[in-house]
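Residue-level listing of the chains:
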Amino acid sequence: MSTTESTLPVPAGLRNDEQAALAEAVAILEGTSLPVRLASLVGGSVDALKRRLPAAAQRMLDGAVRRALEGALQAAMRSDPARNPTPLSGAWLHRGLLAASGAAGGAFGLGGTLMELPVSTTLLLRRIAAIAAEQGEDLSDPMVQAECLKVFALGGRDPQAEEAESGYFALRIALAETLKGAVGRGFGALLPGFLGAVAARFGAPVAVKLSAQAAPVIGAAGGAAVNIAFLEHFSGIAMAHFTIRRLEREHGPALVRAGYEAIRREA
């Protein structure tokens, strides 16, 4: 007897702890967008922050985001994200490094923030990859590395926007389309198109980040706060995304998606 998605009230087949983990993932992925959080942090609206960004910076933003993502992929994976040689937890290690990076960038306004973007993106990707490893992912697999990069796009999605009606899974499918044919051709051959798709989503919160850190009253302390907000947001998105992937490996994608949609509808 088949059970359709529309009649599935809960993620049937999942243990209680797995149901709780899935519900938490739904809450994170369907929660407040990062640009809204940043606007609240510095005081103002998202539109006001976007208008504050100089036209010249807006024109160069897409290329800067692409270069930051590509450099981050190479640097973060070379540094073995799953290994932490310090006595600090991974979360606190990256928190400290990102705060320092944001402070340095914020102290020099827009120019400093643009120079700091590749560093903060690398640190974010390193934390994302560490979370992926905690959830059982193999970081040596290029497709898992692509999943880590996808977190930047998933974290750039605005859950309140009309285009997001089909939500998290629709964006996952759209991003997966850009990687079709990678098997046999190599991930590197398809990386430019994939990076473009990720950068298009990641660019929205980055634009607000640049605007916030470029404000004269923000400075170094504000730059650190903005980077910590980025870390908290994308760490949460990564935990949600890789929790869902772990549940899919254990129970199958169809059951997990049905459970996700049932929880989302109830919320």
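Structure: above.
Within each chain, residues carry numbers counting from 1 in the order of the written sequence. The predicted nature of this model means local features are confined to residues of pLDDT at least 70 and side-chain atom pairs, given and counted, to a pLDDT of 80 or more, with totals for whole chains, interfaces and linings taken over all residues. Working from all heavy atoms in the structure, the side-chain values ignore hydrogens and water.

K.L.:
Would you mind going over the overall build of the chain in detail, with residue names and values included?
P.N.:
Counting from the N terminus, the helices are DSSP H or I runs at least four residues long and the strands are E runs at least two residues long. From N to C terminus, the chain includes 12 helices and 0 strands. Listing every helix and strand of the chain by position from the N terminus yields α-α-α-α-α-α-α-α-α-α-α-α. Any residue under 20% of the maximum accessible area for its type is buried, any over 50% is exposed, and the rest in between are partly exposed; the area is computed with a 1.4 Å probe on protein chains only. Counting only residues that meet the buried cut, the chain has 49% of its 267 residues in that class. Across the chain, the fraction of contacts at a sequence separation of at least 24, relative to all contacts at a separation of at least 6, is 79%. We call two residues in contact when some of their heavy atoms are within 4.5 Å.

K.L.:
How would you summarise the nonpolar core if you had to cite specific residues and measurements?
P.N.:
Think of a nonpolar core as a cluster: buried Ala, Val, Leu, Ile, Met, Phe, Trp, Tyr and Cys residues, connected wherever their side-chain atoms sit within 4.5 Å. One finds L69, C148, L149, F152, F230, F234 and I244 to be the most contacted residues of the largest nonpolar core, which totals 64 residues. If we skip the residues at most four places from it in the chain, F230 touches L34, L38, L124, F202, P205, V206 and K209.

K.L.:
With reference to specific residues and values, describe the pattern of salt bridges.
P.N.:
Salt bridges are defined as contacts in which a side-chain nitrogen from Lys or Arg sits within 4 Å of a carboxyl oxygen from Asp or Glu. Counted under the stated rule, the structure contains 11 salt bridges. We note a salt bridge from D62 to R66, for which the minimum N-O separation is 3.4 Å. Taken together, the residues span about one helical turn, with D62 and R66 both in helix α4 (residues 55-78) at a distance of 4 residues. Its relative accessible area of 40% is what places D62 among the partly exposed residues. Between E261 and R264 there is a salt bridge whose closest N-O contact spans 2.6 Å. Placement of the pair is E261 and R264 together in helix α12 (residues 253-266), with a separation of 3 residues, close to one helical turn. Overall, R264 belongs to the partly exposed group, its relative accessible area being 29%. Sharing partners across several salt bridges, the network here consists of E137, E147, K150, R245 and R249.

K.L.:
Any details on α4? Residues and values, ideally.
P.N.:
Helical geometry note: an α-helix holds 3.6 residues per turn, so side chains three or four residues apart project in the same direction. Helix length check: α4 (24 residues) gives 35 Å between terminal C-alpha atoms against 34 Å at 1.5 Å per residue, within 8%. Take the seven residues that end at a residue and the seven that start at it, fit an axis to each, and the angle between those axes is the bend at that residue. Of all the bends in α4, the largest measures some 45° and sits at L61. Listed in full, the buried residues belonging to α4 are A57, L61, A64, V65, A68, L69, A72, L73, A76 and M77. Among the residues trailing α4, D80 stands out with phi positive, at a value near 55°. What a helix is expected to span follows from its residue count: subtract one and scale by 1.5 Å.

K.L.:
A description of the packing of helix α7 (residues 142-156) against helix α8 (residues 167-177) should follow, citing residues and the corresponding values.
P.N.:
Direction vectors running N to C along α7 and α8 enclose 135°, while the axes themselves pass 11 Å from each other. With respect to α8, the axis of α7 lies oblique. At the point where α7 passes α8, the crossing takes the right-handed sense. Residues K150, A153 and L154 of α7 pack against Y168, L171, R172, L175 and A176 of α8. Just so you know the grouping, Ala, Val, Leu, Ile, Met, Phe, Trp, Tyr, Cys and Pro go in nonpolar, Asp, Glu, Lys and Arg go in charged, and all remaining residues, Gly too, go in polar. Here the contact of α7 with α8 is composed, by residue class, of 6 nonpolar, no polar and 2 charged. Note on geometry: axes are lines fitted to C-alpha atoms, helical ones only across the stretch in contact, with angles between N-to-C directions running from 0 to 180 degrees. Any angle between 65 and 115 degrees counts as roughly perpendicular, while under 35 counts as roughly parallel, over 145 as roughly antiparallel, and the rest as oblique. Crossings are classed by handedness, with left-handed meaning an anticlockwise turn of the near helix from the far one by less than a right angle and right-handed meaning a clockwise turn.

K.L.:
Give a detailed account of the side chain of E116, specifying residues and quantitative values.
P.N.:
With respect to the secondary-structure elements, E116 resides in helix α6 (residues 109-134). In the analysis that follows, any N or O atom pair within 3.5 Å is treated as a polar contact, provided that within protein one partner can donate a hydrogen and the other can accept it, and provided that, for residues neighboring in sequence, both atoms belong to side chains. At a separation of 2.7 Å, a polar atom in the side chain of E116 contacts the side chain of N227.

K.L.:
Quick one: what's the story with the packing of aromatic side chains, residue by residue and with numbers?
P.N.:
Pairing of aromatic rings covers Phe, Tyr and Trp, the last counted by its six-membered ring, and requires centre-to-centre distances within 6.5 Å; plane angles under 30 degrees mean stacked, over 60 mean edge-to-face, and any other angle means tilted. In the structure shown here, the tally under the stated rule is 8 aromatic pairs. Their ring planes at 25° and their centres at 5.6 Å tell us that Y168 and Y260 sit as a pair that is stacked. Taken together, the residues span a long stretch of sequence, with Y168 in helix α8 and Y260 in helix α12 at a distance of 92 residues. Exposure class is identical for Y168 and Y260. Each is buried. Between F202 and F230, the ring centres sit 6.5 Å apart and the planes meet at 70°, which makes this aromatic pair edge-to-face. On the criterion of sequence distance, the pair formed by F202 in helix α10 (residues 187-214) and F230 in helix α11 (residues 219-251) is long-range, its members being 28 residues apart. A relative accessible area of 1% means that F202 is categorised as buried. Site record: aromatic cluster; members linked through ring pairs are F152, F202, F230 and F234.

K.L.:
Requested: an account of the packing of α8 against α12, with residues and values cited.
P.N.:
Close contact between α8 and α12 brings their axes to 9 Å; oriented N to C, the two are set at 140°. In terms of their interaxial angle, α8 and α12 are classed as oblique. Two secondary-structure elements touch here, α8 through Y168, F169 and I173 and α12 through R257, Y260 and E261. Looking at the contact of α8 with α12, its residues break down into 4 nonpolar, no polar and 2 charged.

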